[in-house]
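Listed below are the residues making up each chain.
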Amino acid sequence: MVNESAGALGFIEKNANIIAAILVAITAIMGIFLFNMRIDEGGDDSTYITRAIDLVASGTYPTYQGPMYPIFLAVFVWLFGARLVVLKATSLLLIITSQLIFYKVLRNRVNVRLVLAVMALMSINSWLLFFGCMTYSEALYIVVEYAAIGFIMRLESREYSNPKKTWINAVLAAMFVVVAYLIRTVGFGFGIAGIAYLLICKKPKKAIMFVASIIAVGALWFGLRTAIWGEIKQDNRQLESLMQVHPYQIEDGQETVSGYFGRLVDNSNLYVSKHLMRIVGLRKAEDRATNPAVTIFIYLLFAYGAFEAWRKNRCILMLAITSAVMLGITFVVLQAIWDQFRLIIPYVGIALMVILYGLGQICKHLFGRKAPLICLVIVGMCGILTMSQSLSKIDLQILQKNLSGDMLYGFTPDWYNYLSICQKVYEELPEGSYVACRKPNMARIYAGGQKFYGIYNFESEDADELLDNLRDRKVTHIIAASLRKDPMIPNGDIINTIHRYMGFIAEKYPHIFTLVGQCGDADSEPTYLFAIDYNYADKIKAKMEEAQ
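Residues numbered from 1 in each chain as written. Predicted model: local features only at pLDDT ≥ 70, side-chain atom pairs only at ≥ 80, totals over all residues. Heavy atoms only, no water.

(A) Spatial organisation of helix H18 (residues 396-403). For H18, the set of buried residues is Ile 398, Leu 399 and Asn 402. Taken end-on, H18 shows its buried residues confined to a sector of 100 degrees, consistent with a single buried face. Residues of H18 that are buried in the fold lie against helix H2 (16-33). Between the side-chain oxygen of the N-cap and the backbone nitrogen of Gln 397 there are 3.2 Å, and the N-cap of H18 in question is Asp 395. Phi turns positive, to about 120 degrees, at Gly 405, one or two residues after H18. (Buried < 20%, exposed > 50% of the residue type's maximum accessible area, 1.4 Å probe, protein only. Helix = DSSP H or I, 4+ residues; strand = E, 2+ residues; numbered from the N terminus. Arc of directions from axis to C-beta. Contact = heavy atoms within 4.5 Å. Polar contact = N/O pair within 3.5 Å; in protein donor to acceptor, adjacent residues only side chain to side chain.)

Pasting the structure below:
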């Protein structure tokens, strides 16, 4: 039995390149089968597209979120127009590219069986492949992440008699760190991880070169940006919201030190015991419970893998440092309310490398020569469960309907009704109308590029202040949808920002809103379109002032 398993493992190592090519091909095939032509309900993907459109149309620099992904999309918008199928296809190509880079960076630094095992889990993983058809920044970010890790390890390991070559490696590593930062602000963590890795490996001179290169590349970018776009006013809304106890409720105040520690604990449970376990197939996709015991076990396994790597394998050590830094920043900075698996998906591949490495070391101590076979069985079980999840998500009928022109087919009723109104609102309203809604960028994509005014939150309950906000922006109509708070549960618990906004105004001006359109009935999560009568409000206000 041992000889047979050794022969099988030897076959894997001997044919690693062929197996890797097959896994990349499987990634492409599964990505096609899971391809989704719809815009995601989260809204950020449509935001990236609209910023790319604005960049091409008017040269507007993309702010608020990282600018690099809209700039990347803008290239394809410029070449092909804002065609969803083209923009989404770039994400699948990026996911495929990330698999290739992952293999190239790690194949000669780690046991190739471990690399192929993680590639296999990722190649059939619907959670990762979700970003192969969505215009979220994750696909580009993962490519840059793997490249940054590769160049940092190359900087550490290669010694040249000519210092210029070392500087070239330092600059290349720094370039990908800066690009990662420009895609997602948390990308600066790769710089921290790289510095820590170089110092742990006792390469202080290279650490200094790396820091200097980051400063130089960053300065070059900001100088180029200023030359093209001039002085850019930074949008600090995202940072300010992260410093609050609740991102949408400013009245709850600023977060405390103990609050940030609480975030670390809460997010660890959410993302390790729930999301990570679902991603690797060990929990059902609909399972939302957390389990602190699972979190602690995975953390211990990760820590043991990192410890063993510190003694035996610098590559795994780099992956451990990077995972710890990036996930640590994410878990401390973000409120637990976000609870989105996309926040950890870029780091799943490298974290799994550390976890499986730790598991392999434990099995080696306990089972000796049988350890690789036992690890293979565990990975195989996860692969079967993951594949089962992925196959259950394939719906070729929805894809066919979307590609044939029915772009709303497959949406849940709340989104179908909302987007149906958005599609035709500007066709039926008078010229010069301007509509407010909760998801303006998503509405814009389905309305042929027409702009909407977005109401995400508000800091006042004063009716006149809220109304003046709409008046100043020349809003003529407002959409009140029944979008679910939990996309999977139609229990009537909806995102009520717009309803509350309108409620404060209607309390003072009862007849200011007139229903002019509706999609869906009361039993099917309807969406309503209201006209705003500013003249009515002015008359009521004048009478109140006269009475005083």
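(B) Representation of the environment of Cys 133. In this fold, Cys 133 is placed in the loop between helix H7 (126-129) and helix H8 (138-157). A relative accessible area of 1% means that Cys 133 is categorised as buried. Counting along the chain gives 48 residues from Cys 133 to Val 85, while the straight-line C-alpha distance between them is 8.7 Å. Every residue in contact with Cys 133, bar those within four places of it in the chain, is listed here: Leu 34, Phe 35, Asn 36, Lys 88 and Ser 91.

(C) Broad picture of a positive patch on the surface. On the surface, Lys 104, Arg 107, Arg 109 and Arg 158 cluster together into a positively charged patch. Position of Arg 158 among the secondary structure elements: in the loop between H8 and helix H9 (163-183). Of the residues examined, Arg 158 reaches a relative accessible area of 39% and is grouped as partly exposed. (Patch = residues over 30% accessible without salt bridge, like charges linked within 9 Å, V, L, I, M, F, W, Y side chains within 5 Å. Areas by Shrake-Rupley, 256 points an atom, 1.4 Å probe, with all protein chains shown as cover. Salt bridge = Lys/Arg side-chain N within 4 Å of Asp/Glu carboxyl O. Lys, Arg positive; Asp, Glu negative; His and termini not counted. Charge placed at Lys NZ, Arg CZ, Asp CG, Glu CD.)

(D) Structural view of the packing of helix H13 (residues 257-279) against helix H15 (residues 314-333). The contact between H13 and H15 brings their axes to 7 Å, and the two run at 115 degrees. Classified by chirality, the crossing of H15 by H13 is right-handed. Across the interface between the two elements, Tyr 260, Arg 263, Leu 264, Asn 267, Ser 268, Tyr 271 and Val 272 of H13 pack against Thr 330, Phe 331, Val 332 and Val 333 of H15. Looking at the contact of H13 with H15 residue by residue, the class counts come to seven nonpolar, three polar and one charged. (Axes fitted to C-alpha atoms, helices over the stretch in contact; angles between N-to-C directions. Left-handed = near helix turned anticlockwise from the far one by under 90°. Nonpolar A, V, L, I, M, F, W, Y, C, P; charged D, E, K, R; others polar.)

(E) Expanded view of the pattern of salt bridges. Applying the stated criterion across every chain yields a total of 20 salt bridges. Residues Arg 184 and Glu 138 are paired through a salt bridge, measuring 2.9 Å at the closest nitrogen-oxygen approach. Taken together, the residues span a long stretch of sequence, with Arg 184 in the loop between H9 and helix H10 (189-200) and Glu 138 in helix H8 at a distance of 46 residues. Residue Arg 184 is classed as buried on the basis of its relative accessible area of 13%. Between Lys 203 and Glu 156 there is a salt bridge; the shortest N-O distance is 3.0 Å. Placement of Lys 203 in the loop between H10 and helix H11 (204-229) and of Glu 156 in helix H8 is noted, with a sequence separation of 47 residues between them. Neither residue differs from the other here; Lys 203 and Glu 156 are each classed as buried. Each of Glu 156, Glu 159, Lys 203, Lys 206 and Arg 314 takes part in a single network of salt bridges with overlapping partners.

(F) Region of interest: the environment of Ile 71. Counting through the fold element by element, Ile 71 comes out in helix H4 (residues 68-80). Taking the C-alpha atoms as reference points, Ile 71 and Arg 51, 20 residues apart in sequence, are found 8.4 Å from one another.

(G) Quick look at the pairing of strand S3 (residues 477-480). On S3, burial covers both faces: His 477 and Ile 479 on one face and Ile 478 and Ala 480 on the other are all buried. As judged from the two bridges shared by strand S1 (residues 435-437) and S3, these two strands associate in the parallel manner. Pairing of Ala 436 across the sheet is with Ile 478, part of S3. (Pairing = 2+ DSSP bridges.)

(H) Expanded view of unusual backbone geometry. Located in the positive-phi region is Lys 202, a residue other than glycine, with phi close to 60 degrees. If you trace the backbone, Lys 202 turns up in the loop between H10 and H11.

(I) Representation of the packing of helix H5 (residues 84-106) against H8 in the model. As a packed pair, H5 and H8 sit with axes 8 Å apart at the nearest point and diverge in direction by 20 degrees. Here H5 lies roughly parallel to H8, going by the angle between them. Like other packed secondary-structure pairs, H5 and H8 cross with a definite hand, here left-handed. For the pair formed by H5 and H8, the contact residues are Ser 91, Leu 94, Ile 95, Thr 97, Ser 98, Ile 101, Phe 102, Val 105 and Leu 106 on the first element and Ala 139, Leu 140, Ile 142, Val 143, Tyr 146, Ala 147, Gly 150 and Met 153 on the second. For the contact of H5 with H8, the residue count by class is 13 nonpolar, four polar and no charged. (Parallel < 35°, antiparallel > 145°, perpendicular 65-115°, else oblique.)

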